Number of protein chains: 2
Amino acid sequence: MIQKLIEKIKKTNAPIVVGLDPMMGYIPEHVQKKAFGEFGETLEGAAEAIWQFNKEIVDKTYDLIPAVKPQIAMYEQFGVPGLAAFKKTVDYCKEKGLVVIGDVKRGDIGSTSAAYAVAHLGKVKVGSKEYAPFDEDFMTINPYLGSDGVNPFLDVCREEKKGLFILVKTSNPSSGEFQDQLVDGRPLYELVGEKVAQWGEQCMGDDYSYVGAVVGATYPEMGKTLRRVMPKSYILVPGYGAQGGQGKDLVHFFNEDGLGAIVNSSRGIIAAYKQEAYARYGAENFGEASRAAVEDMVTDISRALAER
Amino acid sequence: MIQKLIEKIKKTNAPIVVGLDPMMGYIPEHVQKKAFGEFGETLEGAAEAIWQFNKEIVDKTYDLIPAVKPQIAMYEQFGVPGLAAFKKTVDYCKEKGLVVIGDVKRGDIGSTSAAYAVAHLGKVKVGSKEYAPFDEDFMTINPYLGSDGVNPFLDVCREEKKGLFILVKTSNPSSGEFQDQLVDGRPLYELVGEKVAQWGEQCMGDDYSYVGAVVGATYPEMGKTLRRVMPKSYILVPGYGAQGGQGKDLVHFFNEDGLGAIVNSSRGIIAAYKQEAYARYGAENFGEASRAAVEDMVTDISRALAER
């Protein structure tokens, strides 16, 4: 799957991923109204609004981008109907040829990790049949429980040729509370990064591993170090745009080959129509606003990479 | 909710929680057959088998125990129908008066953590209506992202009078890879434990906080230290039974008042009928076997506490 991701990045010339995190506040009135008209102000109504919102954004941007990253929390908060909308979104994005990164940040041990791996990347047995429950291409996971929490995910990745992005250094202000603590003079996130590199060696594509890392755009210096620590790992970089990261902060996350990183923007793309820069589109044309925001983001990152 | 948990522990005299982790391999043939007969070998069929299995175990044990802990991964692996069975299980256990600890190990930042908190403990707004999506009483969370990952959960806990168990030292063999790393001469799990104590101060019940910790039964010495570090935090202790923990390992997790800890057993209870000790019940009477296993677990722990 890392090969497909890299091919798509090269083809679109856009090392970006659109975060499909459909908070209700982002969904234009007219989309909500239509969904509630059909299903009432119910969890099913909310799920329908989310799905219609996502579909429009995907329809207007899929030819420009390699991948999407739906954040499952935004669906889970609408219960079982919300999770059905997550599944529908994953399926639709795959139909459109997009690589789907399930931002689920799961993490547990042994058979429980195996169950999460199966849920999101693998197939589950029911009697003599097999089903792929959510069937994303990549998923994000949390490393706090160590190798025997991660290994069951690696097993499923090898079997299914799918991939992981493991949290290493997250984009939020207090991520340093534990991640930056010094262990023998080196921050914990470096140790985690080393482990990611080791885990990744067991899951190699042609040049890059199926096992990548999450490192926030808000910490460019740490990105530089981690790029060296994990040379074969793709880095998924959140925190661009709304969280404060800019194109120039991102260059160190990339390798010399111009690959090795994929930058996420969620709010900055899906709620673009709410920003002054794209207000001219209006809420009715929120999908067009998202398309324009994608184009601007690609330009920003390409320029920064060209100028480095 | 911590008050309800403590009251129920006192009433049942059983500081234990039954882990409802219904792996397919645990579910007796006749239960699977019936479910598949009705729904086919489908995700819906698997979800029905899980639900019927859980219901029987709850019916046969609810009067002996204060709480259950469904592990959501075991439901999530059966996709949307599996998650509907999770919800049905939560609702049924609450109807039976049990405290429900959602073992979901979620963790993210800001609005994403808030969405998870709402999904599992809170209420979500849809237009002018409000819904409680999964509505557990407690949930487990992962601390790797630091305070601004945890705070949104604390906010919902205060609002709803619900609670958390935060991963501190997990029961698995490789939990030390990151958790035991020394920071200024002290292991990381102690730092996390201190943070849990601080977070807990903002969420106090009468004697204990709504904010507890997860510390594995497999590390009794660390449990002893962490008991001191977090005197007001309830400790959820996994790893009893199948993972190797025994009654005598558990005494240090409890305070002098005999409270402060709740010990989980999953496989040891729900798949008791597969153990030699309970084989006499047969697969047909798996619920009775679980009841006997609960009684034995309570005796083991009570004896260990009496002898300390």
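Criteria and thresholds
Residues numbered from 1 in each chain as written. Chains lettered and ligands numbered in written order. Predicted model: local features only at pLDDT ≥ 70, side-chain atom pairs only at ≥ 80, totals over all residues. Heavy atoms only, no water. UniProt positions renumbered as here; feature names shortened; annotations may be inferred. Helix = DSSP H or I, 4+ residues; strand = E, 2+ residues; numbered from the N terminus. Rg over C-alpha atoms; globule rule 2.2 N^0.38 Å. Buried < 20%, exposed > 50% of the residue type's maximum accessible area, 1.4 Å probe, protein only. Contact = heavy atoms within 4.5 Å. Areas by Shrake-Rupley, 256 points an atom, 1.4 Å probe, with all protein chains shown as cover. Lys, Arg positive; Asp, Glu negative; His and termini not counted. Charge placed at Lys NZ, Arg CZ, Asp CG, Glu CD. Pairing = 2+ DSSP bridges. Salt bridge = Lys/Arg side-chain N within 4 Å of Asp/Glu carboxyl O. Patch = residues over 30% accessible without salt bridge, like charges linked within 9 Å, V, L, I, M, F, W, Y side chains within 5 Å. 1 Å grid on protein atoms, 1.4 Å probe; cavity = no way out; pocket = protein on both sides within 12 Å on 5 of 7 lines; lining within 4 Å. Points joined across faces, edges and corners; volume = space filled by probe spheres on them. Nonpolar A, V, L, I, M, F, W, Y, C, P; charged D, E, K, R; others polar. Phe/Tyr/Trp six-rings, centres within 6.5 Å; stacked < 30°, edge-to-face > 60°. Lys NZ or Arg CZ within 6 Å of the ring centre and 35° of its normal. Expected span 1.5 Å × (residues − 1). Least-squares fit on C-alpha atoms with pLDDT ≥ 70 in both. Buried area = accessible area lost by both parts, 1.4 Å probe. Polar contact = N/O pair within 3.5 Å; in protein donor to acceptor, adjacent residues only side chain to side chain. Axes fitted to C-alpha atoms, helices over the stretch in contact; angles between N-to-C directions.

Within an unreviewed UniProt entry, the label attached to chain A reads Orotidine 5'-phosphate decarboxylase, and the organism entered is Faecalicatena contorta. What UniProt records for chain A under Catalytic activity (unreviewed entry) is the sentence "orotidine 5'-phosphate + H(+) = UMP + CO2". Under the UniProt heading Sequence similarities (unreviewed entry), the entry covering chain A gives this text: "Belongs to the OMP decarboxylase family. Type 2 subfamily."

Undergrad: How would you summarise the overall build of chain A if you had to cite specific residues and measurements?
TA: Scanning chain A from terminus to terminus reveals 13 helices and 12 strands. Radius of gyration (C-alpha) of chain A: 19 Å, near the 19 Å computed for a compact globule of 308 residues. Overall, chain A is about 60 × 55 × 35 Å in size when its C-alpha atoms are taken along their principal axes. Here chain A holds 308 residues, and 64% of them are scored as buried. Look at the contacts in chain A between residues 6 or more apart in sequence, and 72% of them connect residues 24 or more apart. Looking at chain A as shown, the accessible area adds up to about 10,800 Å², and 48% of this sits on carbon and sulfur atoms. Within chain A, one finds 35 positive and 42 negative side-chain charges whose respective centroids are separated by 3 Å.

Undergrad: Give a detailed account of the pairing of strand β3 (residues 99-106) of chain A, specifying residues and quantitative values.
TA: Residue and element names in this part refer to chain A. Burial analysis of β3 places eight of its eight residues in the buried class, which makes it a mostly covered element. Residue alternation in β3 divides its side chains into two sets, V99, I101, D103 and K105 and V100, G102, V104 and R106, and both sets are buried. Judged from the two bridges that link them, strand β2 (residues 67-68) and β3 form a sheet pairing that is parallel. Considered in β3, the bridge of A67 is made with V99. Of the strand pairs in this sheet, β3 and strand β6 (residues 138-141) are connected by three bridges, and their pairing is parallel. Along β6, the bridge assignment pairs I101 with F138.

Undergrad: Break down the UniProt feature "active site" (unreviewed entry) in chain A for me, citing the residues and quoting the values.
TA: Feature annotation in UniProt places "active site" (unreviewed entry) on K105 of chain A, given in this structure's numbering. Position of K105 of chain A among the secondary structure elements: in strand β3. Residue classification places K105 of chain A among the buried positions, given a relative accessible area of 8%. Sequence-distant contacts of K105 of chain A, that is, excluding residues within four places in its chain, are made with Q71, T140, I141, N142 and L167 of chain A together with K105, G107 and D108 of chain B.

Undergrad: So what's going on with the pattern of salt bridges? Residues and values would help.
TA: Inspection of every chain in the model, using the stated rule, returns 38 salt bridges over all chains. Among the salt bridges present, the one from K169 of chain A reaches D180 of chain A, with a minimum N-O distance of 2.7 Å. Here K169 of chain A, found in strand β7 (residues 163-169), pairs with D180 of chain A, found in the loop between α8 (176-179) and β8 (182-183); they are 11 residues apart in sequence, far enough to count as distant. Note on K169 of chain A: relative accessible area 0%, which makes it buried. One connected set of salt bridges, linked through shared partners, spans K69, D103 and K105 of chain A together with D108 of chain B.

Undergrad: Talk me through a negative patch on the surface; I want residue IDs and the actual numbers.
TA: The grouping of E7, D206, D207, E256 and D257 of chain A at the surface amounts to a negative patch. As for its position among the elements, D257 of chain A is in the loop between α11 (247-250) and β12 (261-265).

Undergrad: Before we move on, can you summarise empty space enclosed by the protein with the specific residues and values?
TA: Leftover empty space is mapped by rolling, across the atoms, a probe with the size of a water molecule. Residues and elements named next belong to chain B. Under the definition given, this model contains one cavity of 30 Å³ or more. Taken as a whole, the largest cavity encloses approximately 30 Å³ of empty space. Lining the largest cavity are G107, D108, I141, N142, P143, Y144, L145, G146, G149, V150 and F153. In terms of residue class, the lining of the largest cavity is made up of six nonpolar, four polar and one charged.

Undergrad: Summarise the packing of aromatic side chains; cite the residues concerned and give the values.
TA: Counting across every chain of the model gives 14 aromatic pairs over all chains. One aromatic cluster is present, formed by F53, Y273 and F286 of chain A through successive ring pairs. Over the ring of Y62 of chain B we find K96 of chain B, and its NZ or CZ is 4.4 Å from the ring centre.

Undergrad: Would you mind going over helix α13 (residues 286-307) of chain A in detail, with residue names and values included?
TA: Residues and elements named next belong to chain A. With 22 residues, α13 should cover 32 Å at 1.5 Å per step; its first-to-last C-alpha distance of 32 Å lies within 8% of that length. Where α13 is concerned, the buried positions are F286, G287, A289, S290, A292, A293, V294, M297, V298, I301 and A304. Its buried side turned inward, α13 meets β1 (16-18), α2 (29-39), α3 (43-61), α11, β12 and α12 (267-270).

Undergrad: Would you mind going over the relation of the copies chain B and chain A in detail, with residue names and values included?
TA: One copy of the chain maps onto the other through a rotation about an axis plus a displacement along that axis. Overlay of chain B on chain A (RMSD 0.0 Å): rotation 180°, translation along the axis 0.0 Å. With respect to symmetry, the two chain copies, as superposed, fit the operation of a two-fold axis. Minimal C-alpha separation from the rotation axis in chain B is found for V183 of chain B, amounting to 2.7 Å. The overlap is high: 100% of the interface residues of chain B also sit at the interface in chain A, so the same surface is used on both sides.

Undergrad: Give me the lowdown on the interface of chain B and chain A, citing residues and values where you can.
TA: On the chain A side, the residues contacting the 70 residues of chain B number 70 residues. Here chain B meets chain A over a buried area of about 5,600 Å², counting both sides, of which 63% is carbon and sulfur. It is E41, Y144 and F178 of chain B in chain B that bury the most area against chain A; as a group they hold 16% of the surface buried on that side. A salt bridge links K195 of chain A to E177 of chain B; the shortest N-O distance between them is 3.9 Å. Our count for the contact surface shared by chain B and chain A stands at 31 residue pairs in polar contact (both at pLDDT 80 or more). Among the elements that take part in the side of chain B that touches chain A, helix α6 (residues 110-120) of chain B stands out by supplying seven residues, more than any other. Grouping the constituent residues of the side of chain B that touches chain A by class yields 36 nonpolar, 21 polar and 13 charged.

Undergrad: Just give me the short version of the sheet that holds β7 of chain A, but keep the residues and values in it.
TA: Residues and elements named next belong to chain A. With respect to topology, eight strands assemble into a closed barrel ordered β1-β2-β3-β6-β7-β10-β11-β12, the strand pairing being parallel. Where β1 meets β12, three bridges bridge the pair, whose relative direction is parallel. When the sheet's bridge partners are listed, V17 is paired in β12 with N264. In the packing of helix α9 (residues 188-201) onto the sheet, the strands contacted are β7 and β10 (211-215), and the crossing angle to β7 comes to about 165°.

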